[in-house]
Every structure is written in structure tokens, then in C-alpha cells.
Amino acid sequence: MIWLEFTIMQRALLACLLAGFLMGLIGVFVVRMRLSAIGYSMSHGAFAGAALGVATATNPLATGLLFASATAFLIGPIADKARLHADTITSIVFPLNMALAFVFLTLAPEVGLSSQVANVLWGSIISMTNSDLVYLTTLFAATIAIIYFVWKELFAIMFNRKLAEADGINTKPFIYLIIFLAGVVVTFSLKLVGGLLIYALLFNPASTALQFLENMRAIVIASPLIGMTTTVSGLIVSLFFDLPVGSCIVIVSTIVFAIALLLSPKRRRK
Amino acid sequence: MREDAVIKLEDVSTVYEGERRPAIKGVNLTLKRNELVYVVGPNASGKTTLLETINGLLPTFKGKVSVFGLDMQSHGRKVRCKIGYVPQDFMVKPGEPYTALDVVLMGLYGQIGFLHQPEEKDRKKALEAMKLLGVEELVNRPMGKLSGGQQQKVMLARAIAKKPKVLLLDEPFSNLDPESRAKIPSLISRLHEEKELTTLIVTHDIHHMIDQCHRVVAISNGKIVFDGKPENAIPFIENHPHTTSLEAIR
């Protein structure tokens with residue numbers, strides 16, 4: 001029994017490290033490419049999809065991924081062509097995804113906060129399975145490989161999209177790639193903090209790293225490290241005080257960001 | 001100067017998204033190889049639009065833009081790898097995580113190509129261009145901490161590092177100090193001659209390189225109102241009906 005608990009904790013710890021790393025890494029590109037509004041809509045798209053999975057007794061990961069991808073593929077071109085401000089798109093898509101999520105959760109076989117519904121809402125890292133870890137590890141390797149190979153283009157787009165185009169880089173596919181990757185990473189990290197809070201993990205580590213560092217390569221290394229540290233710290237706090245893991249992770253990561261904001265040399269100069 | 005057309009605009013009109021009135025309309029313009037042309041005009045006359053239309057960054061509403069004989073709407077990215085471009089009033093904010101060398105090296109990314117990493121030779125190209133512009137000591141300085149003039153020189157180095165065939169420069173001397181204003185135009189002119197470039201410079205101040213340029217094109221309200229020799233440009237501007245609106249370029 002002790003061994004079983006130890007295995008659960010090992011899985012939880014490993015999941016925290018992997019998801020914290022991935023969210024921190026992708027978050028840098030989402031923040032620097034000013035895709036925060038799209039990332040926000042998409043992470044709640046993953047939440048709505050996972051809720052559909054619960055309602056239809058199918059795999060919430062698959063439906064979450066489907067919804068996140070659909071949101072990404074719809075919002076990317078709409079943002080480009082519809083001449084709508086990103087805030088406007090978020091204001092429409094975010095409530096829609098939340099409404100769909102709650103409708104799906106109401107339609108779930110056991111109405112009310114069944115364990116699966118609760119998992120989707122707040123996350124349940126304790127319920128991480130070996131399969132979840134395999135998915136996260138595969139995603140970890142694939143994401144690092146993709147970022148390595150297209151780093152040059154991403155770096156130029158993060159600096160200035162128009163200049164990147166002027167230098168002959170086709171920026172659209174790379175932006176869609178980041179939106180899609182963010183959707184996949186969010187979906188596979190849903191069990192960590194749940195659909196309502198997941199967005200904080202995409203945004204907080206990158207924003208924290210940006211307060212201190214003036215070198216993009218250093219930021220891309222620091223943000224995943226901050227992501228891993230805050231998720232593991234949140235897990236420890238939750239175990240220590242017997243509180244929900246997801247909430248503790250988000251609270252810790254927000255406190256770290258607030259401290260970074262106060263101590264930021266960039267702000268002190270002003 | 002050779003006679004081959006490098007840049008050719010045929011009845012080109014460009015309309016910005018969400019607007020009805022074209023920013024440039026019915027523009028016909030040809031730049032031959034190794035020609036250095038000044039584009040002058042008052043604020044909002046369409047100078048920057050013209051440059052961005054040539055570069056294929058703005059889609060044309062009507063007409064055709066070709067560079068090296070290739071249509072910019074369909075071959076824009078390939079052609080842009082050979083174009084050195086300095087945008088107007090480009091300033092990096094303090095705290096932005098890019099060094100001056102990063103910014104110059106990035107200009108080469110299109111040439112380096114997808115899935116290829118920058119090599120030592122690319123770094124050398126970037127450093128050479130920075131040395132030429134006198135900003136080699138700024139290599140590792142954060143771009144956002146540089147003065148307006150230093151940033152403008154870094155942007156010029158970025159354009160030159162590509163070893164371009166065409167230079168499109170939008171107000172490239174506006175933030176330079178008086179000493180650099182005397183030096184940099186001569187450097188551009190020398191590069192233009194040595195490398196047989198085709199150069200289009202948008203400027204408010206016609207006097208910077210008036211001796212070195214081959215032609216002056218004046219734009220007013222999105223239309224070309226003068227296209228001729230530099231020595232005729234100033235008298236034209238003085239006598240043209242749009243003198244009031246063109247006052248700014250004198």
C-alpha cells in the first residue's frame with residue numbers, strides 16, 4: 001500500500017515536472033507573439049472538449065484535444081482575416097466555450113460534481129495514469145524537437161512579425177504551429193490544474209522570466225524551469241495543507257509572478 | 001548604370017484593410033539596375049505605402065508589382081530575401097530581450113532557409129555589416145538600451161548584412177546625429193555603387209544625398225506628381241500647385 005502511494009506520488013511529481021516545463025516553454029511564445037487572448041480562448045476550448053468527453057463517456061483527452069485544435073484552427077485565421085481585435089474574439093469565444101463546458105458537464109451521466117467532472121474542473125493530479133505520463137513524455141520530446149528546429153523563425157517573429165516577413169519568412173504557419181502546440185500542451189496538462197485554472201500556467205512562468213531577463217535564449221530556458229518549480233512547489237503545498245493541487249499550483253505561480261513584478265530590475269529602472 | 005528594370009510598378013493602387021480610399025493610386029514606376037532614387041513627399045502622402053507595396057508587405061488592390069521580373073504577390077518571400085529593408089521609425093523598447101547582433105543576424109534568417117541554423121559565416125556577415133556602420137562595439141548590448149541613432153545604424157547594418165541586390169530605406173537618417181548624417185549617406189552611396197544595388201530611399205530631407213541620387217520621385221495624395229532629375233526636383237516643387245502640401249520636403 002505504501003508502495004502504491006509512493007507510485008502515485010512519483011507519477012504526480014513527474015507529471016508536475018513535465019507539464020510545468022511544457023506550459024512554461026510554450027507560454028514564452030504565446031506571450032511574446034501576443035497570442036495570449038487566443039491561448040486563453042483555446043485553453044477553455046480544451047476544457048469544453050474534456051467536458052464533452054465526460055458527458056459522452058469517451059476519453060476527455062481526445063475530445064479536449066479536438067476542441068482545443070478546432071478553437072486554434074478557427075481563431076487563428078479569424079484573427080487574421082476578420083479584422084476583429086483579439087480581445088473581441090476572446091470575449092466571444094471564452095464565454096461560448098465555458099457555456100458549452102457547463103452544458104456538457106450537466107449532461108454527464110452522474111449529474112453534479114462527480115469525480116470525473118471535478119477532475120475536469122479543478123484537475124486531479126493524483127488520478128494521473130501511466131498512459132498520461134507516456135503522453136506527456138512524448139509531447140515533451142516532440143515539443144523540444146519542434147522548437148529546436150524552428151527556433152530561428154520563432155525568434156524572428158517574436159521580435160517583429162512584419163520584419164520577419166520582410167526578411168522572407170512565412171510567419172503564418174509558425175504562428176499557427178504555436179497556437180496548435182499550446183492547445184495540445186494545455187489539453188495534456190488539464191489533469192494538473194483543471195480547465196478553469198490552466199491558463200495561469202501558460203502565462204505566469206513566461207511573464208515571471210520576462211521581468212528579469214533581457215536575453216530571449218535565457219528566457220526560453222528560465223520559463224520552463226520556473227514552470228517546473230512552481231508546479232512542484234504547489235504540489236508540496238497542497239500535500240502539506242491538504243488543499244486542491246491545481247489551486248495551490250496556480251496560487252504559488254501567481255505569488256512568484258507578483259514577487260518578480262516587485263523585484264523586477266526592468267521596473268525599478270523606471 | 002545598366003538599363004535592366006529591377007523594380008517595376010504598373011498602374012498600382014494599394015488600399016489599407018478597412019479603408020476605401022487608396023493610399024497610393026495608379027502608380028507607374030520603374031527603377032533600373034544600379035539606380036538610386038529618392039522618394040519625397042509630405043506626411044501621409046503614400047511614401048511608406050509605396051515602399052511596403054514594392055516589398056510585397058502590403059497586397060496591391062490593383063496593378064502589378066514586379067522585382068527582378070517576379071510578381072511580388074506570388075514570389076514575394078523569395079524576392080524579399082534579396083531586399084535590404086529599413087522600416088520607418090523602428091524603435092525597440094527598453095527591456096526587450098534582443099541584442100544588437102541578434103537583430104542584425106535575424107535579417108539573414110530568410111536567406112538561411114527553413115530548418116537550417118545560422119552558421120559562423122552568417123555571424124561574420126552580421127559583424128562585418130555592424131563594423132561598416134560603426135556599431136561593432138554594440139554587438140552584445142540590448143537593442144532597447146541603444147539610442148535612436150544607434151538603433152537606426154543597427155537597422156541599416158541588418159539591411160546591408162543580407163548583401164542585398166535592392167535597398168528599400170524608409171527615412172533611414174531621421175534619428176542620426178549630425179556627424180552620422182554626414183557619414184552614413186556617403187556610405188550608402190558608396191555601397192550602392194560598389195555592389196551595383198538598386199536603391200529607393202524615402203526621405204523628408206531632399207538635401208541628404210541629392211548629389212548622389214539619379215532621380216527624385218515626388219508623391220502627393222498617393223500619386224506621383226514628379227519623376228525626374230534631382231536638379232529639376234526643387235524648382236518643380238516650388239512651382240507645383242501642391243507646393244503648400246509639399247513644403248515639408250524642402
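Residues numbered from 1 in each chain as written. Chains lettered and ligands numbered in written order. Predicted model: local features only at pLDDT ≥ 70, side-chain atom pairs only at ≥ 80, totals over all residues.

1. Topic: the domain arrangement of chain B
All names here are of chain B.
Working step 1: Under the domain assignment used here, chain B contains domain 1 (1-82 + 164-250) and domain 2 (93-163).
Working step 2: Relative placement of domain 1 and domain 2: their C-alpha centres are 24 Å apart.
Working step 3: At the interface, 12 residues of domain 1 touch 12 residues of domain 2.
Working step 4: By residue class, the composition of the side of domain 1 that touches domain 2 is 8 nonpolar, 2 polar and 2 charged. (Domains from an automatic or database assignment. Contact = placed C-beta atoms within 7 Å. Nonpolar A, V, L, I, M, F, W, Y, C, P; charged D, E, K, R; others polar.)

2. What to know about the interface of chain A and chain B
Working step 1: Between chain A and chain B, the contact holds 21 residues from the first and 22 residues from the second.
Working step 2: Contributions of two or more residues to the side of chain A that touches chain B are made by α6 (130-159), α7 (161-166) and α10 (216-241) of chain A.
Working step 3: When its residues are assigned to classes, the side of chain A that touches chain B shows 10 nonpolar, 3 polar and 8 charged. (Helix = DSSP H or I, 4+ residues; strand = E, 2+ residues; numbered from the N terminus.)

3. As for the sheet that holds strand β4 (residues 62-67) of chain B
Residues and elements named next belong to chain B.
Working step 1: Taken in spatial order, the 4 strands line up as β2-β1-β4-β5 in an open sheet, and their pairing is antiparallel. The strands lining the two open edges of the sheet, one partner per strand, are β2 (24-32) and β5 (70-71).
Working step 2: Here strand β1 (residues 5-14) pairs with β2 via 6 bridges, running antiparallel. What sits directly across from Val12, in β2, is Val27. (Pairing = 2+ DSSP bridges.)

4. A few points about the pairing of strand β7 (residues 166-170) of chain B
Residues and elements named next belong to chain B.
Working step 1: For β7, the tally of buried residues reaches 5 of 5 residues, placing the bulk of the element in the interior.
Working step 2: Burial along β7 is two-sided: Val166, Leu168 and Asp170 facing one way and Leu167 and Leu169 facing the other are all buried.
Working step 3: Summarising the sheet, strand β6 (residues 83-86) and β7 pair through 4 bridges and their orientation is parallel. Its bridge partner being in β7, Gly84 is matched across the sheet by Leu167.
Working step 4: Considered for its hand, the β-α-β crossover made up of β7, helix α7 (residues 178-194) and strand β8 (residues 198-203) is right-handed. (Buried ≥ 20, exposed ≤ 12 C-beta atoms within 10 Å, placed from the backbone. Right-handed = clockwise from strand over helix to strand, strands pointing away.)

5. Points about the pairing of strand β9 (residues 215-220) of chain B
All names here are of chain B.
Working step 1: Most of β9 sits inside the fold, with 6 of its 6 residues counted as buried.
Working step 2: Covered by surrounding structure in β9 are Arg215, Val217 and Ile219 together with Val216, Ala218 and Ser220, the residues of both alternating faces.
Working step 3: Here strand β3 (residues 36-40) runs beside β9; their pairing, made up of 4 bridges, is parallel. Considered in β9, the bridge of Val40 is made with Ala218.
Working step 4: Bridge analysis of β9 against strand β10 (residues 223-228) gives 5 bridges, and the strand direction is antiparallel. Paired with Val216 across the strands is Gly228, a residue of β10.
Working step 5: Hairpin connection, β9 to β10: the antiparallel pair is bridged by 2 residues, and Asn221 has positive phi, about 50°.

6. Structural notes on the environment of Cys16 of chain A
Residue and element names in this part refer to chain A.
Working step 1: Its place among the elements puts Cys16 in helix α1 (residues 2-32).
Working step 2: On a C-alpha basis, the gap between Cys16 and Lys191 in space is 10.0 Å, while along the polypeptide they are 175 residues apart.
Working step 3: Apart from residues no more than four positions distant in its own chain, Cys16 is found in contact with Ile125, Leu192, Thr231, Val232 and Leu235.

7. Quick look at the environment of Leu191 of chain B
Residue and element names in this part refer to chain B.
Working step 1: By the element assignment, Leu191 lies in helix α7.
Working step 2: Spatially, the C-alpha atom of Leu191 lies 9.9 Å from that of Lys163, the residues being 28 residues apart in sequence.
Working step 3: Ignoring sequence-local partners within four residues, the contact set of Leu191 consists of Ile160 and Leu197.

8. Looking at the packing of α10 of chain A against helix α11 (residues 245-263) of chain A
All names here are of chain A.
Working step 1: Taken N-terminus to C-terminus, the directions of α10 and α11 make an angle of 130°; their axes are 7 Å apart at the nearest point. The angle between α10 and α11 places the two elements in the oblique class. Considering the relative orientation of α10 and α11, their crossing is right-handed. Facing Ile226, Thr230, Thr231, Ser233, Gly234, Leu235, Val237 and Ser238 of α10, the residues of α11 in contact are Val245, Cys248, Ile249, Val252, Ser253 and Val256. (Axes fitted to C-alpha atoms, helices over the stretch in contact; angles between N-to-C directions. Parallel < 35°, antiparallel > 145°, perpendicular 65-115°, else oblique. Left-handed = near helix turned anticlockwise from the far one by under 90°.)

9. A closer look at helix α2 (residues 36-55) of chain A
All names here are of chain A.
Working step 1: Here α2 is 20 residues long and its end C-alpha atoms lie 29 Å apart, about the 28 Å a rise of 1.5 Å per residue gives.
Working step 2: With 20 of 20 residues buried, α2 lies mostly within the body of the structure.
Working step 3: Positive phi shows up at Ala57, right after α2, with a value of about 55°. (Expected span 1.5 Å × (residues − 1).)

10. Focus on helix α6 (residues 148-161) of chain B
All names here are of chain B.
Working step 1: Here α6 is 14 residues long and its end C-alpha atoms lie 20 Å apart, about the 20 Å a rise of 1.5 Å per residue gives.
Working step 2: At its buried positions, α6 is contacted by β6, α3 (100-106), α5 (120-132), β7 and α7.
Working step 3: Of the residues trailing α6, Lys163 is marked for its positive phi of about 50°.

11. Considerations on the nonpolar core
Working step 1: Grouped together as the largest cluster of nonpolar side chains are 152 residues, with contacts concentrated most on Ile26, Ala51 and Ala182 of chain A together with Val39, Val104, Val154 and Ala157 of chain B.
Working step 2: Per-element accounting of this core gives the leading share, 14 residues, to α1 of chain A.
Working step 3: Residues lining this core come from more than one domain, with at least three contributed by each of domain 1 (1-82 + 164-250) and domain 2 (93-163) of chain B. (Core = buried A, V, L, I, M, F, W, Y, C linked by C-beta atoms within 7 Å.)

12. Quick notes on the sheet that holds β9 of chain B
All names here are of chain B.
Working step 1: Strand order in the open sheet formed by 6 strands is β6-β7-β8-β3-β9-β10, with mixed pairing between adjacent strands. If you trace the sheet from one side to the other, it starts and ends with β6 and β10, each paired once. Taken pair by pair, the neighbouring strands of this sheet meet at an average axis angle of 15°, ignoring direction.
Working step 2: As paired strands, β7 and β8 are joined by 5 bridges and run parallel to one another. Pairing of Val166 across the sheet is with Thr198, part of β8.
Working step 3: On top of the sheet, helix α1 (residues 47-54) reaches β3, β7, β8 and β9; it is set at about 155° to β8, its chief contact.
Working step 4: Strands in contact with α6 are β6 and β7; relative to β6, the strand with the most contacts, it is inclined by about 170°.

13. Concerning the confidence of the model for chain B
All names here are of chain B.
Working step 1: The share of residues in chain B with pLDDT of 70 or more is 92%, and the mean pLDDT across the chain is 86.
Working step 2: When mean pLDDT is taken per element in chain B, α3 scores highest with 95 and helix α9 (residues 243-246) scores lowest with 46.
Working step 3: With a pTM of 0.87, the predicted complex shows an ipTM of 0.88. (pLDDT = per-residue confidence, 0-100.)

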